[in-house]
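For reference, the chains in residue letters:
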Amino acid sequence: MTVNDALKAAASQIAPACEINGANPARVARALLMSYLGVKIEWIFLNLTSELEDAEGFFALAKRFANHDPLEYITGEAGFYGLSFNAKKGVLIPRPETEILVERSLEILSNLPARKGPPLVAEIGTGSGIISICLALNSNAKIIASDISDEALNLARQNAAKFGVEDRIEFVKCAYLDQIYGRFDLLVSNPPYIAQGYRLDKFVLNEPHEALFGGMAGDEILKNIILVAKNRDVKYLACEMGYDQRESMQNALKFNGFEAEFYRDLAGFDRGFAARNIFANF
């Protein structure tokens, strides 16, 4: 079987699954083959008529995707902020809209008043570490990041080492900031914010549920994070949220002494906020 024939067969095999998440079967097939062989896209185009050795192994990967295993878990890679992060089953896959949260956080850090020493940042629910790592790569911040998952923390440490910022980020296993001390200029989080019972596609349901669902209404963890920021006298708070949670977040932020600006994702949905603690001692 040639490379081209294998790609066509795999594309046909995964086409029904691609209809669920809107992926292009031919592109997914190429991505699977690139990962399987450890080659670049150029190699595939130059070797379409070559024989594919051990095609069975390649079709095993296609079968995983056909059974709704996310592509990032199969390849072990996830693109985010122009970088390639390690990905692993059991840890939430980065989403493009979270890049906006990184941008808003960097804006906050760049506009902080001049002071001795680097700004201090805390992240709640770091997952694969993408937010903290991008902040470390693009600022001089000192960062402490928490998560309740050992799998996530191990992956986050791997990613931090991959990009050479392991000495700039401390990863701590705890809920919220329970085992983390000190005061912070910025608290950032992309927490679980999906309501229990909300229908998700089969690919998303293969990701860890504890990283997706935020409670019966979906905004419970976000409200707790706002309380943590208030009680810890955090100066700025930046969070991602659900498309239908703006009113709830506006009320919670105002009640707890925060002035907030909300932002939308590229699809035009409300997606997050950056807020200033009006009572914080700056």
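So, here's what we can say about the structure. (Residues numbered from 1 in each chain as written. Predicted model: local features only at pLDDT ≥ 70, side-chain atom pairs only at ≥ 80, totals over all residues. Heavy atoms only, no water.)

With that out of the way, let us pick up the overall build of the protein. For the protein, the count of helices and strands is ten helices and eleven strands. Within the protein, the proportion of its 282 residues that are buried is 48%. Pairs at least 24 residues apart make up 65% of the contacts formed inside the protein by residues separated by at least 6 positions. About 13900 Å² of surface is accessible on the protein, with carbon and sulfur atoms providing 51% of the total. For the protein, the centre of its 29 positive side-chain charges and the centre of its 36 negative side-chain charges are spaced 5 Å apart. (Helix = DSSP H or I, 4+ residues; strand = E, 2+ residues; numbered from the N terminus. Buried < 20%, exposed > 50% of the residue type's maximum accessible area, 1.4 Å probe, protein only. Contact = heavy atoms within 4.5 Å. Areas by Shrake-Rupley, 256 points an atom, 1.4 Å probe, with all protein chains shown as cover. Lys, Arg positive; Asp, Glu negative; His and termini not counted. Charge placed at Lys NZ, Arg CZ, Asp CG, Glu CD.)

Before going further, it helps to examine the side chain of Ser105. Within the secondary structure layout, Ser105 lies in helix H6 (residues 98-110). The residues contacting Ser105, other than those within four sequence positions of it, are Leu135, Leu186, Val188 and Ala238.

On to the sheet that holds strand E6 (residues 186-189). Judged by pairing direction, the sheet is mixed, and its seven strands sit side by side in the order E5-E4-E3-E6-E9-E11-E10 without closing on themselves. Of all the strands in the sheet, just strand E5 (169-173) and strand E10 (258-264) have a single pairing partner and so form its edges. The average undirected angle you get between the axes of adjacent strands in this sheet is 15 degrees. Helix H7 (residues 130-137) contacts strand E3 (120-124), strand E4 (142-147), E5 and E6 of the sheet and is inclined by roughly 175 degrees relative to E4. Helix H9 (residues 220-231) contacts E3, E6, strand E9 (236-240), E10 and strand E11 (270-277) of the sheet and is inclined by roughly 170 degrees relative to E9. (Pairing = 2+ DSSP bridges. Axes fitted to C-alpha atoms, helices over the stretch in contact; angles between N-to-C directions.)

Those residues of helix H10 (residues 246-255) lying buried are Met249, Ala252 and Leu253. One face of H10 carries all of its buried residues, which in axial projection span an arc of 95 degrees. Residues of H10 that are exposed and point over 90 degrees away from its buried face: Glu247, Lys254 and Phe255. Along its buried surface, H10 packs onto H9, E9, E10 and E11. Following H10 by one or two positions, Gly257 has its phi on the positive side, about 85 degrees. (Arc of directions from axis to C-beta.)

Checked against the element boundaries, Arg168 lands in the loop between helix H8 (150-162) and E5. Between the C-alpha atoms of Arg168 and Glu72, which are 96 residues apart in sequence, the distance is 26 Å. For Arg168, the residues in contact, after removing those within four places along its chain, are Ala136, Ser139, Asn140, Ala141, Lys142 and Ile143. Side-chain polar atoms of Arg168 contact the backbone oxygen of Ala141, separated by 3.0 Å. (Polar contact = N/O pair within 3.5 Å; in protein donor to acceptor, adjacent residues only side chain to side chain.)

Applying the stated rule across the entire model yields eleven salt bridges. Via salt bridges that share partners, Arg64, Asp69 and Lys89 belong to a single interconnected network. (Salt bridge = Lys/Arg side-chain N within 4 Å of Asp/Glu carboxyl O.)

Moving on, we get to H8. Since there are 3.6 residues in each turn of an α-helix, residues three or four apart along the chain are aligned in direction. A rise of 1.5 Å per residue sets the reference length of H8, with its 13 residues, at 18 Å; its end C-alpha atoms lie 18 Å apart and thus fit the reference within 8%. Tucked inside the fold, the buried residues of H8 contact strand E2 (83-86), H7, E4 and E5. Gly164, located one to two residues past H8, shows a positive phi value of around 70 degrees. (Expected span 1.5 Å × (residues − 1).)

As a further point, take the packing of aromatic side chains. What describes a pair of aromatic rings is the distance from one ring centre to the other and the angle between the planes of the rings. The full count for this structure, using the stated rule, is seven aromatic pairs. Among the aromatic residues, those joined into a ring-pair cluster are Phe80, Tyr81, Phe85 and Phe163. (Phe/Tyr/Trp six-rings, centres within 6.5 Å; stacked < 30°, edge-to-face > 60°.)

The contact between H6 and H7 brings their axes to 10 Å, and the two run at 40 degrees. With respect to H7, the element H6 is oriented oblique. Between H6 and H7 lies a crossing of right-handed hand. Residues Thr98, Leu101, Val102, Ser105 and Leu106 of H6 pack against Ile131, Cys134 and Leu135 of H7. Of the residues in the contact of H6 with H7, the class split is six nonpolar, two polar and no charged. (Parallel < 35°, antiparallel > 145°, perpendicular 65-115°, else oblique. Left-handed = near helix turned anticlockwise from the far one by under 90°. Nonpolar A, V, L, I, M, F, W, Y, C, P; charged D, E, K, R; others polar.)

On to the layout of surface pockets, then. Approximately 430 Å³ is the volume attributed to the second largest pocket. Lining the second largest pocket are 14 residues; nearest its centre among them are Ala31, Leu71, Thr75, Glu77 and Gly79. Those elements giving two or more residues to the lining of the second largest pocket turn out to be helix H2 (25-37), helix H5 (71-75) and strand E1 (77-80). Here the lining of the second largest pocket is built from residues that sort into seven nonpolar, four polar and three charged. (1 Å grid on protein atoms, 1.4 Å probe; cavity = no way out; pocket = protein on both sides within 12 Å on 5 of 7 lines; lining within 4 Å. Points joined across faces, edges and corners; volume = space filled by probe spheres on them.)

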